[in-house]
Amino acid sequence: MQFHIERKIIVKRALAVLAVAVALVDASCFGQNSAWNYSVDKNVMDNNKSTEFAMTDGNKTTLVVRCKTRCEVYLKLNDTIFADQTSVRVKFNSSMPKRFSVSRGEGSDSLFFTQPVEFLRAVRDNGGYVFIEYSPYKKIPDTDKLGVWNLPPTILVRLGEK
């Protein structure tokens, strides 16, 4: 009888460990569905017209996609930007770096991609991670790594995706 009780305890413990392992695997899979934080804001003053936001964070920057009738893409930095910066170097995963034109935002802490749809198509086509090199004011160029896999479906639709 003692043997059957010990066996039941061992089986229950094994099942509990297995359940925890399955829960951890499920949680990690769900966490990988998208690198983007997505939200929609409706403006009551403008007849409830929606603005979509998709953001992904790096260690030093946030990449923001803001779509009303058209989409804007900009890099929000935790630092002031060099006044004459007109481009950033972008590298997807292990590809060769490419330059994208940017313009400095009014607050001097953001860089707006001048061809946002071209940049978003590169994100869509490459996914994974992006490394962006920019020039903070009076500092050497800096690089940040951001996850850009799985753009939100409503933004993909704006790029001609079905």
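Note that the structure is predicted; figures quoted are calculated from it, not measured. (Residues numbered from 1 in each chain as written. Predicted model: local features only at pLDDT ≥ 70, side-chain atom pairs only at ≥ 80, totals over all residues. Heavy atoms only, no water.)

**Observations concerning the overall build of the chain**
Heads up, the rule is: Where helices and strands are cited, they refer to DSSP runs of H or I of at least four residues and of E of at least two residues respectively, numbered from the N terminus. Buried, partly exposed and exposed residues are distinguished by accessible area as a fraction of the type maximum, computed with a 1.4 Å probe on protein chains only: under 20%, between the cut-offs, and over 50%, respectively. In this description, contact between two residues means that some pair of their heavy atoms is separated by no more than 4.5 Å. Each accessible area is a Shrake-Rupley result for a 1.4 Å probe, and residues are judged covered by the shown protein chains and nothing else.
A tally of helices and strands in the chain yields three helices and nine strands. Buried positions account for 31% of the 162 residues belonging to the chain. Taking as baseline every contact in the chain between residues at least 6 positions apart, the subset at least 24 positions apart corresponds to 50%. Roughly 10,800 Å² of accessible area belongs to the chain as shown, and the carbon and sulfur atoms make up 55% of that amount.

**A closer look at the state of the cysteines**
Disulfides are covalent bonds that link the sulfur atoms of two cysteine residues. For the record, the criterion: Whenever a pair of cysteine sulfur atoms sits within 2.5 Å, that pair is classed as a disulfide.
Using the criterion set out here, one finds one disulfide in the structure. Here C67 connects covalently by a disulfide to C71, the sulfurs 2.0 Å from one another. For the disulfide bridge between C67 and C71, the dihedral angle about the S-S bond is near 105°, and by the sign convention the bridge is right-handed. A relative accessible area of 15% means that C71 is categorised as buried.

**Some points on the sheet that holds strand β9 (residues 142–147)**
Put simply, the test is: Here, any two strands with at least 2 DSSP bridges between them count as paired. Note on definitions: angles span 0 to 180 degrees between N-to-C directions of axes, and those axes are lines fitted to C-alpha atoms, for helices only across the stretch in contact.
One open sheet holds the nine strands; their spatial order is β1-β2-β3-β4-β7-β6-β5-β8-β9, and the pairing between them is antiparallel. Edge strands, defined here as strands with exactly one partner in the open sheet, are β1 (37–43) and β9. Ignoring strand direction, the axes of neighbouring strands in this sheet form an average angle of 30°. Where helix α2 (residues 116–126) meets the sheet, it contacts β3 (61–67), β4 (71–77), β5 (87–92), β6 (98–104) and β7 (110–113), and its direction lies at approximately 80° from that of β4.

**Description of the environment of R121**
Turning to its location among the elements, R121 is positioned in helix α2. As a C-alpha pair, R121 and G160 span 39 residues in sequence and 9.6 Å in three-dimensional space.

**So, the side chain of S110**
Locating S110 in the fold gives a position in strand β7. Sequence-distant contacts of S110, defined by excluding residues within four places in its chain, comprise Y74, L75, K76, L77, I81, S103, R104 and G105.

**Brief notes about the packing of aromatic side chains**
Here is the rule we go by: Under the pairing criterion, centres of Phe, Tyr and Trp rings, with the six-membered ring standing for Trp, must be within 6.5 Å; the plane angle then separates stacked pairs below 30 degrees from edge-to-face pairs above 60, leaving the rest tilted. Any Lys NZ or Arg CZ found within 6 Å of a ring centre and within 35 degrees of that ring's normal is scored as a charge over the ring.
Enumeration over the complete set of coordinates arrives at six aromatic pairs. Between the aromatic rings of F92 and F119, the centroid separation amounts to 6.3 Å while the plane-to-plane angle is 35°, which identifies the pairing as tilted. Taken as a pair, F92 in strand β5 and F119 in helix α2 lie far apart in primary sequence, 27 residues in all. Since its relative accessible area comes to 1%, F119 is described here as buried. Three or more aromatic residues joined by ring pairs make a cluster, and in this case those are F92, F100, F113 and F119. When the ring centre of Y129 is taken as origin, the NZ or CZ atom of K145, which lies over that ring, is 4.4 Å away.

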